[in-house]
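Descriptive analysis of the structure
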Amino acid sequence: MSTETTGEADTTDLPRVIENCRFGDGTEVAPFAVLSDCRFGRDCRVWRFVNCYGATFGDEVMIGSFVEVQSDVVVGDRTRIQSHAFVPSLTELGDDVFFSHGAAIVNDVYPPSGDSGKWEETAVGDGAVIGTNATLLPVEVGENALVGAGAVVTEDVPPNAIVAGNPAEVVGYRE
């Protein structure tokens, strides 16, 4: 069963702002989170200092501290978005994705355009791993692919590929 919550949560003495969000059973939101117009599945965990608006999250999703998830983002079941990550509008993260610490996606390749009509989509396939401090430009990352730490991904990544470097290149395949 889901609930609609508007205004500031009253389950703790510490502040959080929750406006027009729906939460599945068992979902927990830590203090100091700011959530607006989001939908969460069941058993999700939102840590402190998270900023999310207009996004949809599946079941058993974890969002680490200091993460921003913008509008029109869809996050699949059991996906983990680690601390200090940035997920902009027009992004889809599949099921069982691991989006590591400090990883970021860019949807505006000519910033600051100020024109959301020029923004581009990014899709990360089921089971993919995005390494610490990796940067994804508007690309498609295939299922079970692995993006190495610090990689800058400027081209689509095939399923099961391992990419590393700047710009990222295929260095192997996962079995």
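It should be noted that the structure appears before, not after, this text.
As the structure is a computational prediction, the values presented were derived from the model and not from experiment.

Within this structure, the stated rule accounts for zero disulfides. Summary of cysteine pairing: Cys38 is not part of a disulfide, and the nearest cysteine sulfur, belonging to Cys21, is at 4.7 Å. Since its relative accessible area comes to 0%, Cys38 is described here as buried. Free cysteine: Cys52, not disulfide-bonded; nearest cysteine sulfur from Cys38 at 5.2 Å. Owing to a relative accessible area of 1%, Cys52 belongs among the buried residues under this scheme.

Residue Pro167 is bonded to the preceding Asn166 through a cis peptide linkage, with omega at 0 degrees. By secondary structure assignment, the location of Pro167 is in the loop between strand 24 (161-164) and strand 25 (169-173). Phi at Phe32 is positive, roughly 70 degrees, even though this residue is not glycine. Mapping Phe32 onto the fold places it in the loop between strand 4 (28-29) and strand 5 (34-36). If you check the backbone angles, His84 has positive phi at about 65 degrees while not being a glycine.

Rules of the game
- Residues numbered from 1 in each chain as written.
- Predicted model: local features only at pLDDT ≥ 70, side-chain atom pairs only at ≥ 80, totals over all residues.
- Heavy atoms only, no water.
- Disulfide = S-S within 2.5 Å.
- Buried < 20%, exposed > 50% of the residue type's maximum accessible area, 1.4 Å probe, protein only.
- Helix = DSSP H or I, 4+ residues; strand = E, 2+ residues; numbered from the N terminus.

Nothing here speaks to function; it is geometry throughout.
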